[in-house]
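# Descriptive analysis of the structure
So the chains spell out like this:
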Amino acid sequence: MTIRSAFTALLLATPAAFSIGGALAEPVAFEHARLIDGTGASAQPDATVVIDNGVILSVGIPAPADARHVDLTGKTLMPALISDHSHVGLVKGTGASRDNYTRANILAAMKQYADYGVLTVTALGLNRSPLFDKLRQEQHEGRNPGADLYGVDQGIGAPDGVPPAAMVKGVGPDQVFRPTTPEEARKDVDQMIAEHTDLVKVWVDDFRNDVPDGKTYPMLPPAIYQAVIDEAHQHDTRVAVHIHDLAVAKAIVAAKADILAHGVRDQPVDHDLIAAMLRQGTWYIATLDLDEANYLYAEQPELLSNPFILAGMDPALRRQFTDPKWRAETLAKPLTKASHYALSVNQKNLAVLYRAGVKVGFGTDSGAAPTRIPGFAEHRELYLTVQAGLSPVQAISLATGNAAALMNLSDRGVIAPGRRADLLIVDGNADENIAAVDQIDQVWQRGALVSHGPVRSKD
C-alpha cells in the first residue's frame with residue numbers, strides 16, 4: 001500500500017481513530033484546495049497548505065518530501081469557525097434551566113460545535129464557577145473532545161431585570177450578579193476577575209423587544225454599568241454588553257464599553273454611533289440568528305427534514321417543532337412579527353457598520369434558548385450575513401479572522417504559517433455560494449482530523 005492510499009484509508013476512518021487534541025506525527029499537505037484564508041482576501045484556487053505538529057507550516061509553497069498528501073480538488077479549505085457570543089449549560093431538550101448546567105451537557109455541546117466546524121466558543125455569561133473555569137482550562141488543553149472554550153463567568157444584570165429568571169428557570173446569584181450600588185458592582189467585577197474571566201458581561205436592556213404592550217424589565221442604571229466598565233478596565237479586562245436599542249448602544253459606547261454583544265435592532269444606526277465606535281475601536285456582534293430562531297422552524301417546517309439540521313437537534317425539540325399547535329401559536333405571537341422587524345433592521349445595520357469600517361465579530365447567542373441550536377446557528381448566521389449584503393468571503397472572515405481578533409486570539413482564525421491548524425474543509429466553492437459551508441467534509445483541530453461533520457458523526 002502506498003503512502004497516498006494509506007492516508008486515504010485513514011481519512012475514511014471514524015474521527016475516533018484520531019487522538020483528540022493530538023496532531024499527526026508527519027506533516028500533512030492539503031493540495032489543490034480552494035483557499036479562504038480568513039483575512040477577507042479573495043479565495044485562492046489550487047492552493048497548497050501544509051500542517052505539522054498542530055500548526056500551519058506553510059501556505060502556497062510545495063509540500064516537503066515527507067508530507068502525507070490530501071487531494072482537496074473540488075473542496076474549499078478555510079479556518080474553523082469561531083463564535084464570539086454563545087452560551088453553554090443552559091439548554092436541554094425543549095427548555096432552559098440551571099439544572100442543565102452539568103459537565104456532561106456542556107461537553108456534549110462542545111462536541112456538537114466541533115462537528116459543525118465551530119472550534120472556538122465564547123460563552124458570554126450565565127456560567128457557574130468552579131465548573132466553568134475547570135472545563136474552560138480542560139478545553140484549552142485539549143483534554144476533552146470538542147470546541148475550545150472561553151467566556152464570562154457570571155455577568156451582571158439589574159435586580160429583577162435582564163436576564164429574567166423566567167428565561168432560564170431557576171437562574172441564581174451564582175450565575176448573574178445583580179448589584180444595587182456601584183460599590184457592589186465593583187466587587188462583583190473583582191470576583192469575576194479573580195475567577196479569571198476572559199471578559200465581563202453586562203446586560204443593559206428592558207427586553208421590550210418592540211412587542212406592543214410587551215412585558216418590560218428594570219434597566220441597569222448608568223451609574224452601575226459605568227462602575228462595571230471602569231472597574232473591569234482597571235484590571236485590563238474588556239466589557240461586552242447585551243443591548244437591543246440604538247439609544248442604549250450609544251450610551252454604552254459613550255461609557256467606553258468594548259463590545260456591543262448584539263446588534264442594534266430598533267432603528268437604523270446613525271452617524272454619531274458609527275463615529276464613536278470608530279473612534280474607540282468598539283467591536284460589534286450582530287447575532288442575526290437570535291431573532292430569526294424565534295420563528296424559523298414554524299415558518300419553514302421543511303427544514304425539519306434536512307439531515308444537517310436534524311443532526312444537531314434534540315429529538316424532543318424536533319417533536320415540538322413538528323407539533324401543529326406549537327407552529328400555530330408561534331406564528332400568532334406578537335414576538336414573531338417583532339422578530340421579523342428586528343432581523344431586518346439588524347441586517348441593514350450590520351451592512352452599514354461593516355462598510356463604515358467598524359470592527360465586526362461573529363456570534364449567534366446559540367445555546368441561550370432551545371431554538372438557537374449549537375453549531376447550526378453559526379451556519380445560519382453566515383447565511384443571514386450574506387443575505388444582509390456581505391459577500392461569502394466577507395461573512396466567513398467575520399466568523400474566522402475577525403472573530404479571533406475580537407477575542408485577542410492571535411493563534412487561530414487565519415490560515416497562515418504559525419497559526420493553529422483548526423481547519424474546516426467543505427465541498428464546493430464557498431466563496432461563490434455560502435451554502436457550501438454546510439457541506440462539511442472534514443474538521444481538523446490542532447492538526448488532527450476530529451470530525452466529518454454532524455451528519456456522518458451521527459452514523
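Above this text is the structure in question.
As a starting point, this report considers the structure included with it. As the structure is a prediction and not an experimental result, all values here were calculated from the model.

Turning our attention to the packing of helix H4 (residues 182-194) against helix H5 (residues 222-234). Two elements in contact, H4 and H5, have axes separated by 8 Å at closest approach and are oriented at 35°. For the pair H4 and H5, the sense of crossing is right-handed. Taken together, the residues of H5 that come into contact with H4 (itself represented by Pro-182, Ala-185, Arg-186, Val-189 and Asp-190) are Ala-223, Ile-224, Ala-227, Val-228, Glu-231 and Ala-232. Each residue belonging to the contact of H4 with H5 can be placed in one class, and the counts come to eight nonpolar, no polar and three charged.

Before going further, it helps to spend a moment on the layout of surface pockets. Space inside the largest pocket adds up to approximately 1100 Å³. For the lining of the largest pocket, the secondary structure elements donating two or more residues are strand E8 (95-96), strand E11 (200-203), helix H8 (288-292), helix H11 (315-321), helix H12 (324-332) and helix H13 (334-356). Considering every element that reaches the lining of the largest pocket, the biggest residue donor is H13, with six residues. When its residues are assigned to classes, the lining of the largest pocket shows 21 nonpolar, 15 polar and nine charged. Size it by volume and the second largest pocket reaches roughly 600 Å³. Around the second largest pocket sit 34 residues that line it, and Val-91, Asn-105, Gln-112, Gly-312 and Asp-314 are the ones nearest its centre. Looking at which element gives the most residues to the lining of the second largest pocket, the answer is helix H2 (residues 103-115), with seven residues. For the lining of the second largest pocket, the per-class residue count stands at 17 nonpolar, ten polar and seven charged.

With that settled, the discussion passes to the pattern of salt bridges. Across all of its chains, the model carries 24 salt bridges by this definition. Two residues, Arg-412 and Asp-411, come together in a salt bridge whose shortest N-O distance is 2.9 Å. With relative accessibility at 4%, the residue Arg-412 sits in the buried group. Note that Asp-422 and Arg-420 form a salt bridge whose closest N and O atoms lie 3.1 Å from each other. No difference in accessibility class separates Asp-422 from Arg-420, as the two residues are buried. Residues joined by salt bridges that share partners form a network here, namely Asp-148, Asp-411, Arg-412, Arg-420 and Asp-422.

A separate point is the side chain of Glu-231. On the secondary structure map, Glu-231 appears in helix H5. Salt bridges are absent for the buried Glu-231, whose nearest opposite-charge side chain, Arg-186, sits at 4.2 Å. Not counting residues up to four positions away in its chain, the partners in contact with Glu-231 are Arg-186, Val-189 and Asp-190.

In the structure shown here, the tally under the stated rule is six aromatic pairs. Ring plane angle 85° and centroid distance 5.2 Å describe the contact between Phe-30 and Trp-444, whose orientation is recorded as edge-to-face. Of this pair, Phe-30 sits in strand E1 (residues 28-35) while Trp-444 is found in strand E17 (residues 440-445), placing the two residues 414 residues apart along the sequence. Pair check on accessibility: Phe-30 and Trp-444 agree, each one buried. Pairing Phe-321 with Trp-326 gives two aromatic rings, centres 4.9 Å apart and planes at 45°, and the pair type is tilted. Three or more aromatic residues joined by ring pairs make a cluster, and in this case those are Tyr-116, Phe-308 and Phe-376. Lying over the aromatic face of Tyr-217, Lys-215 brings its terminal NZ or CZ to 4.8 Å of the ring centre.

Thresholds applied
- Residues numbered from 1 in each chain as written.
- Predicted model: local features only at pLDDT ≥ 70, side-chain atom pairs only at ≥ 80, totals over all residues.
- Heavy atoms only, no water.
- Axes fitted to C-alpha atoms, helices over the stretch in contact; angles between N-to-C directions.
- Helix = DSSP H or I, 4+ residues; strand = E, 2+ residues; numbered from the N terminus.
- Left-handed = near helix turned anticlockwise from the far one by under 90°.
- Contact = heavy atoms within 4.5 Å.
- Nonpolar A, V, L, I, M, F, W, Y, C, P; charged D, E, K, R; others polar.
- 1 Å grid on protein atoms, 1.4 Å probe; cavity = no way out; pocket = protein on both sides within 12 Å on 5 of 7 lines; lining within 4 Å.
- Points joined across faces, edges and corners; volume = space filled by probe spheres on them.
- Salt bridge = Lys/Arg side-chain N within 4 Å of Asp/Glu carboxyl O.
- Buried < 20%, exposed > 50% of the residue type's maximum accessible area, 1.4 Å probe, protein only.
- Lys, Arg positive; Asp, Glu negative; His and termini not counted.
- Phe/Tyr/Trp six-rings, centres within 6.5 Å; stacked < 30°, edge-to-face > 60°.
- Lys NZ or Arg CZ within 6 Å of the ring centre and 35° of its normal.

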